[in-house]
Amino acid sequence: MMGVRVICVVVLAVICHSHSLAAPPPHYGSARSQENDCVSRSRQQQLFTNPHNFSVDLRMPGVVPTGSDTYLCTAFPVPTSRDAYIVDFIPHASMDTVHHMLLFGCQTPVSTSSFWDCGSVQGTCKDEASIMYAWARNAPPTKLPKDVGFQVGKNSGTLYFVLQIHYGDVSAFRDHHRDCSGMTLRMTSKPQPFIAGIYLLMSVDTVILPGKRVTNADVSCDYSSYPIYPFAFRTHTHHLGKVVSGYRIRDGRWSLIGRQSPQLPQAFYPTSKELTVKYGDTIAARCLFTGEGRTTKTYIGGTSGDEMCNFYIMYYMDSKHAVPFMSCMETGSTELFQRIPAEANVPITVTPGHMTAMMHMGHSADDQDDRLQLPRQKPEKVLDQDSHMEQVSSWPESSLQLGQVSGLALDSDSNLVIFHRGDHRWGANSFDSQARYQQRSLGPIQQSTVLVVDPAEGNILKASGRNMFYLPHGITTDEDNNYWVTDVALHQVLKVSSDGRDRTLLALGEAFKPGSDSGHFCQPTDVAVDRQTGNVFVSDGYCNARILKFSAAGRYLTEWGAGSSDRRRRVPFRIPHSLVFLPDRKEVCVADRENGRIQCFIAESGEFVKEIKKEEFGGEVFAITYSPAGDGLIFAVNGESPYRSTPLSGFVINYSTKDILDTFSPNKKEFKMPHDIVETRDGSVFVGDAGSNLVFKFTAEKLHRSVKKAGIEVQELEEMETFVQSKMKPVHNMSKTAAIQEKQTVAENAQTQPVVEEEKKKSAAKPGRPETVLPAVITTLLLVPLLLVVSVGGFVCWRRNNRGEVKSEPSSVGGILGKIRGKTMGGLNLGNFFASHKSYSRQGFDQLSTEGSDQERNGEDSSDSENEEYSALPPPQAST
């Protein structure tokens, strides 16, 4: 019996499918519009676009299934006696009618009749069948990489295509219409250097117990063939599957091939990153199921009431070693899967918007959302100093699949903690006019709402917070690594253990009861904790306007409202949205969202300290965090204002001076609703976006400025000025103008020095430049121009003194330098000077004036290598 069962399961593997209740997108049209074309497309059609390329249309011949869970097949001969290659699959089906669709390749089909029932023992092919394509849930088309194709025809062993369609619910045919679903193959007769294939991992013996929250189906095999290069993956389960993940294991290291919810359109999605699978590697997959809602055991099988666990890898190989189909059905060892990354145990949230976007675009919902947004103006860099916050576009290495990201924090190990809303969203109907939550019938969020993520690579380390929250908002951690969170639907502040057991250690406020006394909140937004005293500060909130202070045990201590240096003009909070505790200053700062300002208070008494309000905020400040570095840095993000058009940005603010030091935003995708921000010990900044359901990472990058000025390196100019100054030192009767210019030169040199040193290192690292030549070149460039400048300057002064055109000055070298650099002479243009001498070319000197040479540049005359230059810092902006 066991042998028969395994054989049956293997047969079912090649008829894997999935089920869905979501409506089809307009992209595919209705089932009826496709069926109207059934007569003309009921058999194989060919369209030749040029001598090499052609299309083949494969359709069902107008069938009517007789019952639910019917599998029907139809066969088509490969339309050429030569070898050909499939390079594109275009599905023509609707999930209203078709549960799933598979394309097989084989030498001899089971039948050559117009169609047959292939869900029974009869099957699809008399010989071994190779899966070439799979479709379900209105998945978009699949396009293969360039120079890659599925080989069919004469030498491939594939002489027939067999199209198999699973019709799930026969009630779709109660009007007795006929179905001609199928697909179009785009093909070429040009030999492809790489041949595509499918590797299928599937579980054959998983049993899902009724009511059990989590059941894992683990599959793994050692790979023992020529190298394959995965480029796409597909996941497949039925109703109970929550996430399917596939990996390559090499030297104990797990590398993600792909991870996706099987409840999304079951297309072939691009792999997470480029990798190779070679001899000696292990390929593994895990399907995560839940038995909640079931009253009986669920087995692996071919009906909608059964389950399946399949992970497909679409790969290519060198054509000399091509294998079109491989499979793995071995149960993975418990010891091996103890080391599987934590992400494989985290269900992926599927929202209607996510579903629609992926069905239309074949990309993530985030990409779809970006295309729908109007482009925003990129914010200007406020400070061009030593570094600038730049997005790490490669983070996270694999998609985290988040809901609305409402809060961010750091745990005691400096790991990133993400608080998100799973499949719940805050919408117009979430609350009534009294701020009472109206969607309690949805129950708490079933997904893990708290994810601990590696800040370096973005891998999920731990997941918790299931069935606890309704609308998460703010989060922070305390000295014992407990989570302090706010839930605007519950109107509560909760202290939750971080050990994964989801224990509520303390609850402030009454669940679902808004209020404004010391025992109630009204949509509280955030929490801050003094790690030394354990005191807790709460910003409350959307319908209150206050900050409350509690002891570590939850005892109410005090509260206060907005502050002002002028008590007669105190403006109340308008949504105190984000809190941060300043441990070095013992202060609490709040992002007063709708007032577009940051206010800070003494933590002990609530006494007002300062306010930071900038035009660049655009009237909205959503979140803040703090770093004690330097004079103290506040990191903030703004939000869209209905009254102003201001770019959404992150800000780095000097706490002491209130000056904006830097602004930053993503390089590719734009902020939509940046909702929280946190800074790590190494200076990385993370921004959680509730609009795009993403977390962005930024790091401080050195600005790459050109250190050339009109063809002369700053290093050379600096050394020339230093040489002149050294000649000036014995002279005590220096003019006032020359003294001022010397101070400016020293200041400019001090600012330029780090860039010069960096350029020196780059120059030293360049191969093929003899070290003995450089001093001679520098000496020539420095001494000859210097002597000429001094001589001409002395000659000019002597002539003017003799003619009595100016008042007499001490004829010192300092006075000469003062005149050369001073505005009274209009600036001596070295380009004009050197152009009059045969040994020098004018090229490169036209822009170099001794007046402001470190600050001015003619952009039209600059070469490509001189697009940036070192500039003096702008004066600090006035704060309000």
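All residue numbers here refer to positions counted from 1 along the written sequence of the relevant chain. This being a predicted model, a pLDDT of at least 70 is required before a residue's local features are given, and a value of 80 or more before pairs of side-chain atoms are given or counted; all residues contribute to the totals for chains, interfaces and linings. Side-chain metrics in this entry use all non-hydrogen atoms of the structure; hydrogen atoms and water are not considered.

A word on the state of the cysteines
Throughout, disulfides are identified as pairs of cysteine sulfur atoms within 2.5 Å of each other. In this structure the tally under the stated criterion is six disulfides. Two residues, Cys 589 and Cys 600, share a disulfide whose sulfurs are 2.0 Å apart. Handedness of the Cys 589-Cys 600 disulfide follows from its S-S torsion of about 105 degrees: it is right-handed. Within this pair, whereas Cys 589 is found in strand S37 (residues 587–592), its partner Cys 600 is found in strand S38 (residues 597–602), the two being separated by eleven residues in sequence. You'll find Cys 589 and Cys 600 in the same group, each marked buried. Numbered in order of appearance, the disulfide-bonded cysteines of the protein chain are paired 1-3, 2-4, 5-8, 6-7, 9-10, 11-12. Helix and strand definitions follow DSSP, with helices as H or I runs of at least four residues and strands as E runs of at least two, each counted in order from the N terminus. When accessible area is computed with a 1.4 Å probe and restricted to protein chains, residues below 20% of their type maximum are described as buried, those above 50% as exposed, and intermediate ones as partly exposed.

Things to note about the nonpolar core
Among buried residues, the Ala, Val, Leu, Ile, Met, Phe, Trp, Tyr and Cys ones that are joined through side-chain atoms within 4.5 Å form a nonpolar core. In terms of nonpolar packing, the biggest core is built from 84 residues, with Phe 161, Leu 185 and Tyr 199 touching the most fellow members. Core analysis: the second largest hydrophobic core is formed by 20 residues, Tyr 437, Phe 469, Tyr 483 and Leu 494 among them.

Comments concerning the pairing of strand S12 (residues 194–202)
The buried fraction of S12 is high, at eight of nine residues. A pair of strands counts as paired when DSSP detects no fewer than two bridges linking them. Across nine bridges, the pairing between S12 and strand S21 (residues 310–318) is antiparallel. Bridge assignment links Tyr 199 to a residue of S21, and that residue is Ile 313. Across four bridges, the pairing between S12 and strand S22 (residues 325–328) is parallel. Considered in S22, the bridge of Ile 198 is made with Phe 325.

A short note on the confidence of the model for the protein chain
On average, residues of the protein chain score 76 in pLDDT, and 70% of them are at 70 or above. A score between 0 and 100, pLDDT records how confident the predictor is in each residue. Throughout, a residue-residue contact means that at least one pair of heavy atoms, one from each residue, lies within 4.5 Å. Note that residues 1–37 has pLDDT below 50 and, in this model, 97 contacts with residues that lie over four places away or in other chains. Here residues 704–773 scores under 50 on pLDDT; set against residues more than four positions off or in separate chains, the count is 88 contacts.

Details of the sheet that holds strand S42 (residues 650–654)
Ordered by their spatial adjacency, four strands build an open sheet running S40-S41-S42-S43, and the pairing between neighbours is antiparallel. The sheet terminates laterally at strand S40 (621–627) and strand S43 (660–664), the two strands that pair on one side only. On average, each strand axis in the sheet is tilted by 20 degrees relative to the strand beside it, whichever way the strands run. Relative to strand S41 (residues 633–638), S40 runs antiparallel, the two sharing six bridges. Residue pairing in the sheet places Ser 627 in a bridge with Leu 633 of S41. Axis angles are defined between N-to-C directions and span 0 to 180 degrees, where every axis is a line fitted to C-alpha atoms and, for a helix, only to the segment in contact.

Let's talk about the environment of Asn 53
Secondary-structure assignment places Asn 53 in strand S2 (residues 53–59). In this structure Asn 53 comes out as partly exposed when scored by relative accessible area, which is 29%. The spatial distance from the C-alpha of Asn 53 to the C-alpha of Met 187 is 5.8 Å, given a sequence separation of 134 residues. Within the local environment of Asn 53, its side chain forms a polar contact with the side chain of Thr 188, the two groups lying 2.9 Å apart. Any pair of N or O atoms that falls within 3.5 Å is considered a polar contact. Within protein, one atom must be able to donate a hydrogen and the other to accept it, and sequence-neighbouring residues count only if both atoms are side-chain atoms.

A closer look at unusual backbone geometry
The omega torsion across Trp 395 and Pro 396 is -10 degrees, close enough to zero to call that bond cis. With respect to the helices and strands, the residue Pro 396 is situated in the loop between strand S23 (387–391) and strand S24 (405–410). Note that the residue after Asp 540, namely Gly 541, is joined by a cis bond; omega there is -5 degrees. You can see Gly 541 is positioned in the loop between strand S33 (536–540) and strand S34 (546–550). We note that Ile 575 has phi near 70 degrees; this positive angle belongs to a residue other than glycine. Inspection of the secondary structure puts Ile 575 in the loop between strand S35 (556–560) and strand S36 (576–582).

Let's talk about the side chain of Ser 414
Topologically, Ser 414 is positioned in the loop between S24 and strand S25 (416–420). Among the residues examined, Ser 414 registers a relative accessible area of 15% and is labelled buried. Looking at Ser 414, its side chain comes within polar contact range of the side chain of Arg 681, at 3.1 Å. Residues contacting Ser 414, with those up to four places away along its chain left out, are Pro 455 and Arg 681.

Let's talk about the pattern of salt bridges
Salt bridges, as used here, are contacts in which a Lys or Arg side-chain nitrogen is within 4 Å of a carboxyl oxygen on Asp or Glu. Tallying each qualifying case throughout the model produces 17 salt bridges. For Glu 292, the salt bridge identified is with Arg 213, shortest N-O distance 3.8 Å. You can see Glu 292 sitting in the loop between strand S19 (282–289) and strand S20 (298–299) and its partner Arg 213 sitting in the loop between strand S13 (207–208) and strand S14 (215–222), a full 79 residues away along the chain. Counted as one network, the salt bridges with shared partners bring together Asp 499, Arg 501 and Arg 503.

Re the environment of Phe 469
Mapped onto the secondary structure, Phe 469 falls in the loop between strand S27 (460–464) and strand S28 (472–477). On the basis of relative accessible area, Phe 469 is assigned to the buried category, the value being 1%. Considered as a pair, Phe 469 and Pro 444 are 25 residues apart in the sequence and their alpha carbons are 5.3 Å apart. Every residue in contact with Phe 469, bar those within four places of it in the chain, is listed here: Phe 419, Pro 444, Ile 445, Thr 449, Val 485, Asp 487, Leu 494 and Val 496.

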